[in-house]
Amino acid sequence: MEMPDLVTDLTAPYGPLAYFLDLHPDLGDFRADVITGLSAKQKTLSPKYFYNEHGSKLFQKITTLKQYYPTLTEKELFLANADSIIEAIGPGAAIFEYGSGASEKIEWLLNGLNNPVAYVAMDISKDHLIESASAIANNSTLPVAAVCADFHAPVTLPENILPTEKHWLGFFPGSTIGNMAPEAAATFLKRSSETLGAGAKFLLGVDLEKDPDVLNAAYNDREGVTAAFNLNLLERMKNELGADLNIDDFEHHAFYCEKGRRIEMHLRAKRATEIMVNEQTFSFEEGETLHTENSHKYSVPRLEKLFAQTPWRLEKMWTDPKGWFAACLLSNT
Ligand code: SAH
Ligand code: AVI
């Protein structure tokens, strides 16, 4: 079977999965990115490193918190508008879900779509991905596959394993697009239009601007799960890179930045401290931070401006009664 260059490690079938494609997104990158990020004036690390197995479980826990409104709001929005979303998508869709996580938001689509042909889950968190996609495969008559990849890098789909008669439907729920800067979001959308090809559609969930009190509460939950999720980055540095650091010297710091229209998450030094990695020492003054995540909140006009920079055309948008979340159907025609 001839495969494109990018298909480096394809196993088909893989347990109940039609295939598992491993593009090894993490190999070698974590150490290099930590060193580059800690060397910058504002110390920074990509939020993609939150999601090792433990981090993915912590995120799952976040989605069950009452204060973390995005998950429930989006689920209710999808369900309330399921009929019109499904009609707009049309028959014969092969779903490619970006950042599929626990694959918890796919059921209504798999059950409701007219004649879907396949479901492909893609995520950076390998074990969590295999476990979640396999659970869907065990309960579905459709071919289900998984791709472990970084969605910022190009992905080539092994098309020849799936039926030829289909149109791709990109599915990107959870407002994970908000974790990208708007320019990176435009690049991501452009790339996805190339990956999914002509005739594709894309269903995107986006968190909207709202009262900063609601936003601040969602990222500073009372149970401290978001704090644990953030601090898990330091655990990863210790366990996977052998970094020498004292986790107790850092605290979770999250706040809404009005100017950037985003929640910023940081790890803030409670006292002067150091992180040693690869025999290099990175000093933190008291109060200095490692910036770990942005979560951008959009207005409808800013979303329209974003889509206008990409080949996607906004076909329809649905919002919930409070105007907190948007589901956008884009088409590549
Ligand atoms: N779609 C789920 C999960 C959202 S959490 C939901 O809506 O609840 C974000 C997901 O994106 C995680 O599963 C994480 O592992 C994945 N992810 C984060 N950065 C990624 C990247 N650069 N490439 C691929 N997946 C990524
Ligand atoms: C995955 N992403 C959309 C979440 C968010 O809300 O930005 C990640 C998260 N960070 C803190 N809580 C949840």
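Residues numbered from 1 in each chain as written. Chains lettered and ligands numbered in written order. Predicted model: local features only at pLDDT ≥ 70, side-chain atom pairs only at ≥ 80, totals over all residues. Heavy atoms only, no water.

J.: How should I be thinking about unusual backbone geometry in this particular structure?
T.: With the exception of glycine, the majority of residues adopt a negative phi angle, and the majority of peptide bonds are in the trans configuration. Cis geometry marks the peptide bond from Ala12 to Pro13; its omega dihedral reads -10 degrees. Backbone geometry places Arg261, a non-glycine residue, at a positive phi of 50 degrees. Positionally, Arg261 belongs in the loop between β9 (250-257) and β10 (262-269). On the basis of relative accessibility, which here comes to 36%, the residue Arg261 falls in the partly exposed class. (Helix = DSSP H or I, 4+ residues; strand = E, 2+ residues; numbered from the N terminus. Buried < 20%, exposed > 50% of the residue type's maximum accessible area, 1.4 Å probe, protein only.)

J.: I would appreciate a short explanation of the environment of Tyr68 in the present structure.
T.: Summarising the element assignment, Tyr68 is placed in the loop between α2 (53-62) and α3 (69-80). Separated by 242 residues in sequence, Tyr68 and Thr310 place their C-alpha atoms 30 Å apart. When residues no more than four places from it in sequence are discounted, the contact partners of Tyr68 are Phe59, Ile62, Thr63, Ala218 and Tyr219. (Contact = heavy atoms within 4.5 Å.)

J.: Is there a simple way to explain the environment of Asp123 in this structure?
T.: Structurally, Asp123 is set in strand β5 (residues 118-123). Classification of Asp123 by relative accessible area gives buried; the value is 9%. Between the C-alpha atoms of Asp123 and Val144, which are 21 residues apart in sequence, the distance is 14 Å. Among residues more than four places away in sequence, those in contact with Asp123 are Gly99, Ser100, Gly101, Leu129, Val147, Cys148 and Ala149. Polar contacts involving the side chain of Asp123 include one to the main-chain amide nitrogen of Ser100, which spans 3.2 Å. A distance of 2.9 Å separates the side chain of Asp123 from the backbone nitrogen of Ser125, its partner in a polar contact. (Polar contact = N/O pair within 3.5 Å; in protein donor to acceptor, adjacent residues only side chain to side chain.)

J.: Would you explain the sheet that holds β10 in this entry?
T.: Remark on secondary structure: sheet strands pair via backbone hydrogen bonds, oriented parallel or antiparallel. Strand order in this open sheet of 4 strands is β3-β13-β10-β9, and the pairing throughout is mixed. Whereas interior strands pair on both sides, the edge strands pair on one side only; in this sheet they are β3 (43-44) and β9. (Pairing = 2+ DSSP bridges.)

J.: For this particular structure, what's the right way to read the side chain of Thr273?
T.: Tracing the backbone through its elements, the reader meets Thr273 in strand β11 (residues 273-277). When its relative accessible area of 10% is taken as the criterion, Thr273 is described as buried. A distance of 2.7 Å separates the side chain of Thr273 from the side chain of Asp249, its partner in a polar contact. When residues no more than four places from it in sequence are discounted, the contact partners of Thr273 are Asp249, Phe250, Phe282, Ser283 and Phe284.

J.: Just checking my understanding: could you explain the site of ligand 1 for this structure?
T.: The full set close to ligand 1 counts 17 residues, and Gly99, Lys105, Asp123, Asp150 and Phe151 are the nearest of them. Notes on ligand 1: free accessible area 560 Å², of which the protein chains cover 94%. In terms of residue class, the shell around ligand 1 is made up of 6 nonpolar, 6 polar and 5 charged. (Near = heavy atom within 4 Å. Areas by Shrake-Rupley, 256 points an atom, 1.4 Å probe, with all protein chains shown as cover. Nonpolar A, V, L, I, M, F, W, Y, C, P; charged D, E, K, R; others polar.)

J.: Before we go on, may I ask you to explain the side chain of Thr289 in this structure?
T.: Relative to the elements of secondary structure, Thr289 occurs in strand β13 (residues 289-296). Classification of Thr289 as buried rests on a relative accessible area of 11%. A polar side-chain atom of Thr289 sits 2.9 Å from a polar atom in the side chain of His266. For Thr289, the residues in contact, after removing those within four places along its chain, are Gln42, Lys43, His266, Leu267, Arg268 and Phe284.

J.: Help me understand the pattern of salt bridges in this model?
T.: Side chains bearing opposite charge may pair, as long as their charged atoms lie close to each other. Evaluation of the coordinates by the stated rule reveals 16 salt bridges. The partner of Asp207 in a salt bridge is Lys297, with the nearest N and O atoms 2.8 Å apart. Placement of Asp207 in strand β8 (residues 201-207) and of Lys297 in the loop between β13 and α10 (300-308) is noted, with a sequence separation of 90 residues between them. Taken individually, Asp207 and Lys297 each receive the classification buried, so the pair is uniform in this respect. In the salt-bridge network here, residues are joined through shared partners; they are Lys201, Arg313 and Glu315. (Salt bridge = Lys/Arg side-chain N within 4 Å of Asp/Glu carboxyl O.)

J.: Just to check I follow, could you spell out the sheet that holds strand β4 (residues 93-98) for this structure?
T.: The 9 strands are arranged β1-β2-β6-β5-β4-β7-β8-β15-β14 in an open sheet whose pairing can be described as mixed. Only two strands of the sheet have a single neighbouring strand rather than two, namely β1 (10-11) and β14 (313-319). Note: β4 against strand β7 (residues 167-172), 5 bridges, orientation parallel. Looking across to β7, one finds that Phe96 is bridged to Gly170. Running over the sheet, helix α6 (residues 126-138) touches β2 (20-22), β5 and β6 (144-148) and is turned about 170 degrees from β6. (Axes fitted to C-alpha atoms, helices over the stretch in contact; angles between N-to-C directions.)

J.: Where do I start with the site of ligand 2 in this structure?
T.: In the neighbourhood of ligand 2, 14 residues make up the surrounding shell, with Tyr68, Asn179, Tyr219, Glu293 and Ser295 lying closest. Interatomic distance of 2.5 Å between a side-chain N/O atom of Tyr219 and an oxygen atom of ligand 2. Contributions of two or more residues to the shell around ligand 2 are made by α2, α9 (225-241) and β13. Across the shell around ligand 2, the residue classes break down as 7 nonpolar, 6 polar and 1 charged.

By themselves, these are just geometric observations and shouldn't be taken as functional.
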